[in-house]
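Summary of the model geometry
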Amino acid sequence: MAAEPIAAREKKSIDSRPWRQGKLSSVYRSRWFYLMMVPGLIYYILFHYVPMAGTLIAFQNYNLMKGIWGSSWVGFDNFRIIFDNPEFLQIMRNTLIISIYKIIGNMVPDVILALMLNEVRVRWFKKTVQTITYGPYFLSWVIVYGLAFSFLAPGSGLISTFVRDMGWGQIDLMADKNFFRPMLVLTEIWKNTGFGAIIYLAALASINQELYEAAVVDGAGRWRQLWHITLPGLRDVFVLLLIIRIGGILDAGFDQVFIFLNARVYDVGDIVDTWVYRYGFERLEFGVAAAMGVFKSLVGLILVIGANKLAKKVGGSGIW
Amino acid sequence: MFVLKKSKGDKIADGAIYTFLALFALLTLFPLYYVVIVSVTPYMEVMKNGGFIIWPEHFTFQAYKEIFSSARIPQALKITVFITVVGTVLNMAVTTLLAYPLSKKAVPGRNFILMGLVFTMIFSGGIIPLYILVRSLGLYDTVWALVIPGMVSTFNLLIVKTYFENLPPEIEEAAKVDGCGDVTTLFRIVLPLSAPIMATIGLFYGVTHWNEYFKGIFYLSDKTLMPMQVVLRSMIQTPNVSTELSVNSLALDTLPPETIKMAVVVVATLPLLVIYPFLQKYFIKGALLGSVKG
């Protein structure tokens, strides 16, 4: 009895609005969904896509007062200024070295921590170690800088005063060129290793346990299991994260480097983004700074696409 | 791993693993413990030992009294609490409203929009155009410059979207049969089922706001608007703590500058440490969901 009126109603609505069939009708049915998306889409267009268009100022002698419509166009002059700059090679070198240090200093300890936690059978111990080591991920780099300061500040830091009391002289590691990059890696390991291990732990948990049982039956010891089952099980995740890291190789972690940087370690610590900051915000050479930003973004994009292709070629699944 | 009988070598390996993990946990905790100790050590103890020590005989909370009676720190805390609360609420609202439709495969244009959003993860216009945009929108030197430019994190968006996709479709279908519209379904049916993921992104967004540093550096010149982290950074670097705090207190001369500095570090850290254990059980799940390919 109930079936007929519904069928009749449907028929009527189709008849009266023929455009509701097919694509248009599903657009109409999704009208509330589109409405929900409006604030988010406005945000993305305004704060992501408009700045992408704003990279046009890389081709301008941009002046904050004149704006994008009033500033003069200079073609590729800004890019020429960057590439001719004697600092350019130095900055690229610093960026790449710090990045590579950090990729190694992140990914290797992450895997090792995950492998170790995976061996732990005492549940409370595993949980306690995990809870503690995840924590620092949520602290800001400024706080980590403060912690480093409490250890390394000349004259008052725990390590500095220890070295002084032992009669080994005054040290100022925070302004030491040789220590700057290791300090970045060490603080990165302290802050992010626990959190970085999570994703590998998940990959470990998803390895088929029967593989291990079969391996034991075949007489494989712990190391052989690690080599033939566990590490291959981590490969896909590792490659995936590596692709992402390679795409960001010109980043080198602006937030950390900027906060730890001081004028005495520019030689070894000045990276692309800190250079952009100085040119844009301190010298107000917005065109040149934006050009460097464009250069960096393009290199990053090419690297991500390239690394993804490579990963697929060697048999991994890639990001897309 | 499965081992039928533990050999001697296995036992040694186990011992090494447990020892290493315990040490790593201790090394993680120690710096946090140490800054707390430095922040409560009186000057005379520092003088007596020729530096800070790991366990002082006396404690003093003078440093905390000083920073809370200064002008700068309470002001910076006020700004930070404001952007953390208001910012997180806005973030979660906008993110959820964007993620829910994107979790529905039947919405025309969904894939196109999704591609557009994910593209922002691998390509950006850089900081300079963003700065110019913030200025031309009139956000420069307002508290909103700390909130609006980071309204949605694509990572968090994908986490929520994946979570919505994995909810059993029958529940929403039942709601539709009962006559619920899309909006009602989201608020009455879907959100109550999404507490874990909301807690996760709430934590991620909240922490991001609490730790806000660069938006302050980039988009603000007014010192009274600066969030906590900006003040903390300049406090740590300054040789002259009392100017930085803008107080003229005699007590400051009787406290080592490091004590004050570390007290500020503790104040900036404490709220995170307090909420962390409560939210800890959620974020692991969230972090993993986000890594599922979208």
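Residues numbered from 1 in each chain as written. Chains lettered and ligands numbered in written order. Predicted model: local features only at pLDDT ≥ 70, side-chain atom pairs only at ≥ 80, totals over all residues.

Let us look at the interface of chain A and chain B. Of the residues lining the interface, 69 residues belong to chain A; the matching set on chain B comes to 71 residues. Sorting elements by how many residues they give to the side of chain A that touches chain B places helix H3 (residues 31-54) of chain A first, with 14 residues. Grouping the constituent residues of the side of chain A that touches chain B by class yields 42 nonpolar, 20 polar and 7 charged. (Contact = placed C-beta atoms within 7 Å. Helix = DSSP H or I, 4+ residues; strand = E, 2+ residues; numbered from the N terminus. Nonpolar A, V, L, I, M, F, W, Y, C, P; charged D, E, K, R; others polar.)

On to the nonpolar core, then. Grouped together as the largest cluster of nonpolar side chains are 109 residues, with contacts concentrated most on Val-276 and Met-292 of chain A together with Leu-232 and Val-264 of chain B. Broken down by element, the residue count for this core peaks at 9 residues, all from helix H4 (residues 72-102) of chain B. Once residues within four sequence positions are removed from consideration, Leu-232 of chain B is found in contact with Val-142 and Gly-146 of chain A together with Val-264, Val-265 and Ala-268 of chain B. Residues Val-111, Ala-197, Ile-198 and Ala-203 of chain A belong to the second largest nonpolar core, which totals 12 residues. (Core = buried A, V, L, I, M, F, W, Y, C linked by C-beta atoms within 7 Å. Buried ≥ 20, exposed ≤ 12 C-beta atoms within 10 Å, placed from the backbone.)

Bringing the domain arrangement of chain B into the picture now. All names here are of chain B. We note that the domain assignment places domain 1 (1-60) and domain 2 (70-294) within chain B. Each of domain 1 and domain 2 has a C-alpha centre, and the two are 32 Å apart. On the domain 2 side, the residues contacting the 7 residues of domain 1 number 9 residues. Elements that contribute at least two residues to the side of domain 1 that touches domain 2 include exactly helix H1 (8-40) and helix H2 (43-49). Broken down by element, the side of domain 1 that touches domain 2 gets its largest block of residues, 4 residues, from H1. Looking at the side of domain 1 that touches domain 2 residue by residue, the classes come out as 5 nonpolar, 2 polar and no charged. (Domains from an automatic or database assignment.)

All names here are of chain A. In the UniProt entry, the feature "transmembrane region" (unreviewed entry) is given for residues 32-59, 96-117, 138-163, 183-205, 226-250 and 286-307. Between the end C-alpha atoms of residues 32-59 there is a gap of 41 Å, over a span that is 82% helix and 0% strand. Annotated as residues 226-250, this span is 88% helix and 0% strand, and its ends, taken at the C-alpha atoms, are 34 Å apart. (UniProt positions renumbered as here; feature names shortened; annotations may be inferred.)

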